[in-house]
Amino acid sequence: MIVLASATGVLVALSPVEFIWKGRALAYAPPSASSENPRGTQRLQAALPDFTALVERVGPAVVNVTTRSLPKTPADVAARHYHLYRGLVGEDGPAVEGEVGIGSGFIFRNDGYILTNAHVVQGAEEVHVRLHGNSNELRARVVGIDTVTDIALLKIEASGLPVVRTGSSVALRVGDWVAAIGSPFGFDNTITAGIVSAKERRLPNGSQMPFLQSDVAINPGSSGGPLVNLAGEVVGINSKIYTRTGGYMGVSFAMPIETAIEVGDELRQRGTVTRGFLGIETQPLTPKLASAFGLEQVSGALVTGVQAGSPAGGAGIRVGDIVLSYAGKSVDGPRALSRAVSDSAPGRHRRMDVWRGRERLQIRVQVGATPEEEPPTSTAVGTRAGLLNVQDPCPSPGWAVAGR
């Protein structure tokens, strides 16, 4: 018999199922396989995702990317280094020998080709890769960079490497579990998990590319790492966060893996990505505008500008035209048109249906190549091994890339 004393009385355990408390017998049934609660617990455990197999499958193909470049302003570089690592290296901060940045990447071909973000390696004099479970760094060559999609392709001299298995971002559903593996703040092979928050998310920074939105924790150093579904398949490449502080705040974005692989293959074959170009500016069609132009449907892209000497100008496209379809597919707005044109190979001829003077016309245009542009300027708000580059700087909150 077990006797337990307390300030309010004595509890006497007569048996595993009967107690005497203040003179009253209390019945107690211990948990059993047939009780209702354990079944509920088992169901709950079965419903929760298990990420262990995912890490074992994908982790070996995830790499740490380190970049080095000459310090442009030593005092500024020292301040950056000190700001991030003051809690790790002491109040004096580290010595400044050059600007160092980190990011993540993943191997998608076993002969040494690695995908990462363009902002991770852009402007770096040296790029090094450290494989999972290996303390040695390998020198990496930047095969090509595409700033539009923020994708870069690296090459290391190695073979027989573990590779990721790619999945489908299209098959993802909002609410599906996903995980990110990368090197936030330099901590290699860190996994964070969450759910898909939205698909085909367009960012209000002028980007025409659709992103996967999730609540997976992404921080400086995570950029370029894979976003993975529960089957261990890569469905995206982690690229951006929305932040008021410069760090993760529950909203992160990944470029769909289909786009990343397509860009990576083109960079591998040609070293650059060529996109179609028409040379027009457009705006969405509103109900009032549609009515004014005599259109019953509120879809299409209203042409507001045509560049002199552009393919569109040469084909006869005018300001005030409404583009209804391109290459046989309906155009529901400016972004859809821009993406369709971008995906067209330069030199190809495409048919455009436009609305002009309350009539539908067909115009044949030869797609041009997008002129090379200078990389977008950025404002540094982070530091060594975790430099955040805020694109299209704006007052807090702002869009940021979670990279170097």
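Residues numbered from 1 in each chain as written. Predicted model: local features only at pLDDT ≥ 70, side-chain atom pairs only at ≥ 80, totals over all residues. Heavy atoms only, no water.

1. Regarding helix α5 (residues 257-270)
Note the following rule: Strands are runs of DSSP state E lasting at least two residues, helices are runs of H or I lasting at least four, and both sets are numbered from the N terminus onward. In this analysis, the expected span of each helix is defined as 1.5 Å times one less than the number of residues it contains.
For α5, spanning 14 residues, the distance from its first C-alpha to its last is 20 Å, which sits close to the expected 20 Å at 1.5 Å a residue. Within two residues after α5, glycine 271 carries a phi angle of roughly 80°, on the positive side.

2. Here we look at helix α8 (residues 334-342)
The condition that has to hold: Throughout this description, buried means an accessible area under 20% of the type-specific maximum (1.4 Å probe, protein chains only), exposed means over 50%, and partly exposed covers the range between. The directions considered for the arc run from the helix axis to the C-beta atoms. Here, residues are in contact when the closest pair of their heavy atoms is within 4.5 Å.
Within α8, the full set of buried residues consists of Pro334, Leu337, Val341 and Ser342. Projected down its long axis, α8 shows its buried positions confined to an angular sector of 130°, all on one face. Looking at the buried residues of α8, the elements they touch are β19 (276-277), β20 (280-284), β21 (301-306) and β22 (322-326).

3. Here we look at the packing of aromatic side chains
Just so we agree on the cut-off: Each pair of aromatic rings taken from Phe, Tyr and Trp, with Trp reduced to its six-membered ring, is defined by centres within 6.5 Å and is described as stacked if the planes are under 30 degrees apart, edge-to-face if over 60, and tilted in the remaining cases. Here, a charge over a ring means that NZ of Lys or CZ of Arg falls within 6 Å of the ring centre while also lying within 35 degrees of the ring normal.
A complete count under the given rule lists 2 aromatic pairs for this structure. Where phenylalanine 51 meets tryptophan 177, the ring centres are 6.1 Å apart and the plane angle is 70°; that geometry is what we call edge-to-face. With phenylalanine 51 in the loop between α1 (36-47) and α2 (52-58) and tryptophan 177 in strand β13 (residues 177-182), this pair connects stretches of sequence that are 126 residues apart. The exposure class of tryptophan 177 is partly exposed, given its relative accessible area of 35%. On the numbers, 6.4 Å between centres and 80° between planes, the contact of phenylalanine 211 with phenylalanine 253 is edge-to-face. Note that phenylalanine 211 is positioned in strand β15 (residues 211-214) and phenylalanine 253 in strand β18 (residues 252-256), a separation of 42 residues in sequence. Assigned by exposure class, phenylalanine 211 and phenylalanine 253 land together as buried. The positively charged end of lysine 155 is found above the aromatic ring belonging to tyrosine 113, 5.4 Å away from the centroid.

4. With respect to the side chain of histidine 128
Spelled out, the test is: Any pair of N or O atoms that falls within 3.5 Å is considered a polar contact. Within protein, one atom must be able to donate a hydrogen and the other to accept it, and sequence-neighbouring residues count only if both atoms are side-chain atoms.
Checked against the element boundaries, histidine 128 lands in strand β8 (residues 126-130). At 3.3 Å, the side chain of histidine 128 and the side chain of arginine 68 are in polar contact. Discounting chain neighbours no more than four positions away, the residues touching histidine 128 are Asn64, Val65, Thr66, Arg68, Glu137, Leu138, Arg139 and Ala140.

5. Re the sheet that holds strand β9 (residues 137-139)
Condition: Pairs of strands are assigned from DSSP output, requiring at least two bridges between the strands. Only C-alpha atoms enter the line fits that serve as axes; for helices the fit covers just the stretch in contact. Angles between N-to-C directions range over 0 to 180 degrees.
Spatially, 7 strands are ordered β9-β8-β5-β6-β7-β11-β10 in an open sheet, and the strand pairing comes out antiparallel. Looking at the sheet topology across the chains shown, the edges are occupied by β9 and β10 (141-146). Strand-to-strand, the axes of this sheet are offset by a mean angle of 35°, without reference to chain direction. Relative to strand β6 (residues 99-109), strand β5 (residues 62-69) runs antiparallel, the two being bridged by 8 bridges. Its bridge partner lying in β6, serine 69 is registered against glutamate 99. Strands in contact with α5 are β6, β7 (113-117), β10 and β11 (151-155); relative to β11, the strand with the most contacts, it is inclined by about 50°.

6. Here's the deal with the nonpolar core
Threshold: The term nonpolar core refers to a set of buried residues drawn from Ala, Val, Leu, Ile, Met, Phe, Trp, Tyr and Cys, joined through side-chain atoms within 4.5 Å.
In this structure, Phe106, Phe108, Leu115, Ile151, Leu153 and Val164 are the most contacted members of the largest nonpolar core, which totals 28 residues. Mapped onto this core, the elements with two or more residues apiece are α2, β6, β7, β11, β13, β17 (233-243), β18 and α5. If you tally residues by element for this core, the top one is α5, at 4 residues.

7. Describing unusual backbone geometry
Although it is not a glycine, aspartate 150 adopts a positive phi angle of roughly 60°. Looking at the secondary structure, you find aspartate 150 in the loop between β10 and β11.

8. Some details on the pairing of strand β14 (residues 190-201)
Looking at chain direction, β13 and β14 are connected through 6 bridges and run antiparallel. The residue bridging tryptophan 177 from the neighbouring strand is isoleucine 195, located in β14. Sheet topology places β14 next to β15; 3 bridges connect them, and they run antiparallel. Residue pairing across strands places arginine 201 opposite phenylalanine 211, the latter belonging to β15.

9. As for the environment of alanine 301
Considering the arrangement of structural elements, one finds alanine 301 in strand β21. Exposure remark for alanine 301: the relative accessible area of 0% places this residue in the buried category. Remark: the alpha-carbon pair of alanine 301 and aspartate 332, spanning 31 residues in sequence, is separated by 7.1 Å. Discounting residues that sit within four places of it in the chain, alanine 301 has contacts with Thr282, Gln283, Asp321, Ile322, Val323, Val331, Gly333, Pro334 and Leu337.

10. Quick word on the confidence of the model for the protein
Formally: Every residue carries a pLDDT, the predictor's confidence in it, which falls somewhere between 0 and 100.
Considering every residue of the protein, the mean pLDDT works out to 78; 72% of them sit at 70 or more. Within the model, pLDDT remains below 50 along residues 1-22, and this stretch shows 40 contacts once partners closer than five positions in the same chain are excluded. Counting contacts from residues 373-397, a segment whose pLDDT is below 50, to residues more than four positions away or on other chains yields 68 contacts.

11. A look at the environment of isoleucine 257
Within the secondary structure, isoleucine 257 is located in helix α5. C-alpha separation for the pair isoleucine 257 and glutamate 233, spaced 24 residues apart in sequence, amounts to 9.8 Å. Apart from residues lying up to four places away in sequence, isoleucine 257 is in contact with Phe106, Thr166, Gly167, Ser169, Val234, Val235 and Gly236.

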